[in-house]
Amino acid sequence: MRKASLFLMALALSFTAFAQDYYIYVTAESEDEVAVIKFDGQKAENIKNIPVGVWPAEIEGPHGITVGPEGKYWYLSLAHGNPYGTLYKFETGTDEVVGTAQLGLFPASMQVSPATGLLYCVNFNLHGDMVPSTVSVVDVASMTELDQITTGAMPHGSRLSANGMKHYSVAMMSGELFEIDAISLEVSNTLDLDEASKMLEMNHAGMDHSKMDHAAMGHEKKEEPMDHSKMNHGAMGGMKHSAFKPTWVSPHPSKNLVYVAGNGADEVLEINTDTWKPLRKFKTDKGPYNIDLSPDGRFMVVSYKTAAKTGIWNLTTGEEVARLDNSQKVTHGVAVSPDSKYAFVSVEGIGGDPGKVDVIDLQTLKVVSTANLGKQAGGIAFWKIEE
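Residues numbered from 1 in each chain as written. Predicted model: local features only at pLDDT ≥ 70, side-chain atom pairs only at ≥ 80, totals over all residues. Heavy atoms only, no water.

## Digging into the pattern of salt bridges
Applying the stated criterion across every chain yields a total of 15 salt bridges. With a closest N to O distance of 3.5 Å, Asp181 and Lys166 form a salt bridge. Here Lys166 lies in strand β13 (residues 166–171) and Asp181 lies in strand β14 (residues 176–181), a separation of 15 residues in the sequence. Close ionic contact of Lys281 with Glu201 constitutes a salt bridge, the shortest N to O distance being 2.9 Å. Of this pair, Lys281 sits in strand β19 (residues 277–283) while Glu201 sits in helix α2 (residues 193–203); the two residues are 80 residues apart in sequence, bridging distant segments of the chain. With a relative accessible area of 45%, Glu201 lands in the partly exposed category. In the salt-bridge network here, residues are joined through shared partners; they are Glu201, Glu267, Lys281 and Lys283. (Salt bridge = Lys/Arg side-chain N within 4 Å of Asp/Glu carboxyl O. Helix = DSSP H or I, 4+ residues; strand = E, 2+ residues; numbered from the N terminus. Buried < 20%, exposed > 50% of the residue type's maximum accessible area, 1.4 Å probe, protein only.)

In structure tokens:
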């Protein structure tokens, strides 16, 4: 009996010694708040709400969020401003504002390059004319905007290659993928994603995921995507209105590949950045919106905004290994932990419903916990792991 008790005590101490806490920042766009979510491996909880913005009577819309490579600071874009949006710099831990910079119209997603130390933020221009917008480049030491690089209409999904030397973004309305050289600050490559998607349809390169039996996998039948080509282009001054409607791009952690979410086409494209050609097409549920890849290169996690689900894809086989219901009706952002164990998914509330963060175990492929935050959960960024 005594030996059994000692064994159980040793087991408990061993578990405690190896227990890890995960910390994530998540925006609540309709509350002008940022939540700190803690997950101890079993339960996720909101441990802090940080008020942001300067106008108490206005909703300023915290949208994009990222943590710097060293983990000392986190950065937030407030989308609404007069006339432009603002980038805020906070110290992690204290969550005190230590700097600001004015950017462009409706600044959205962003990242800091570990190679240059500069921050690259897309100016989404949500309420402006359907014209090419820009990527702001900011020196975060002085919080000075150094340049605005012109790309396409409504750029989104600002992400950097693993080495920080290339910046990728997509233009949602003009349907383009852009690569920017992080040193020269010039556009180095552009790809028409509507044409890239058609190319794979014509030559059947890679696996045709549209022929998979989704009914046998427990997936409901998907509706046909809206034909955006039939919309009135007159208000856009003749600019092409993308049917693919890209909303996000994520580079592979170790290969020269990027993955682009086609929100309008219900698919994700895999693009080779050496040849600048599409390789594979992943047919998804309705409204793929954000993407994150596990750092070990095994999984691609995709939020299906319209379907209120999250898809998990095995990148080796090209198969969707799980499609999970989320806790609210509008799925938004994805952040995978650096140890590739968990995916954290922000889920918007509708009306007065709270926003939520769903935690997915990437080993069991199940939602294991959910935490509440303010209304309209949006941008999400991983902060740290503590033992």
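## Re the confidence of the model for the chain
Across the chain, the average pLDDT comes to 88, with 83% of residues at 70 or higher. A low-confidence stretch, residues 13–17 stays under pLDDT 50, and its non-local contacts, those more than four residues away or across chains, total one contact. Within the model, pLDDT remains below 50 along residues 208–237, and this stretch shows 41 contacts once partners closer than five positions in the same chain are excluded. (pLDDT = per-residue confidence, 0-100. Contact = heavy atoms within 4.5 Å.)

## Quick notes on the nonpolar core
Counting 19 residues, the largest nonpolar core has Tyr120, Phe124, Val137, Met154 and Met173 as the members making the most contacts within it. For this core, the elements supplying multiple residues, two or more each, are β9 (118–123), β10 (132–139) and β11 (144–153). Ignoring sequence-local partners within four residues, the contact set of Met154 consists of Phe124, Asn125, Leu126, Met130, Val170, Ala171, Met172 and Met173. If you look at the next biggest cluster of nonpolar residues, it comprises 18 residues, including Ile24, Val26, Ala335 and Val359. (Core = buried A, V, L, I, M, F, W, Y, C linked by side-chain atoms within 4.5 Å.)

## Here's the deal with the sheet that holds strand β16 (residues 246–251)
With antiparallel pairing, four strands are arranged side by side in an open sheet as β16-β17-β18-β19. With partners counted over all chains shown, the strands left at the sheet margins are β16 and β19, one partner each. Averaged over all pairs of adjacent strands, the angle between their axes in this sheet comes to 20 degrees, without regard to strand direction. Strand direction decides the pairing type here: strand β17 (residues 257–262) and strand β18 (residues 267–272), joined by six bridges, are antiparallel. (Pairing = 2+ DSSP bridges. Axes fitted to C-alpha atoms, helices over the stretch in contact; angles between N-to-C directions.)

## Describing the environment of Ser250
With respect to the helices and strands, the residue Ser250 is situated in strand β16. According to the relative accessible area criterion, Ser250 is buried, its value standing at 3%. Taking the C-alpha atoms as reference points, Ser250 and Ser158, separated by 92 residues in sequence, lie 8.5 Å from one another. Ignoring anything within four residues of it in the chain, the contact list for Ser250 reads Leu257, Val258, Tyr259, Ile291, Asp292 and Leu293. In this structure the side chain of Ser250 is engaged in a polar contact, spanning 2.7 Å, whose partner is the backbone oxygen of Ile291. (Polar contact = N/O pair within 3.5 Å; in protein donor to acceptor, adjacent residues only side chain to side chain.)

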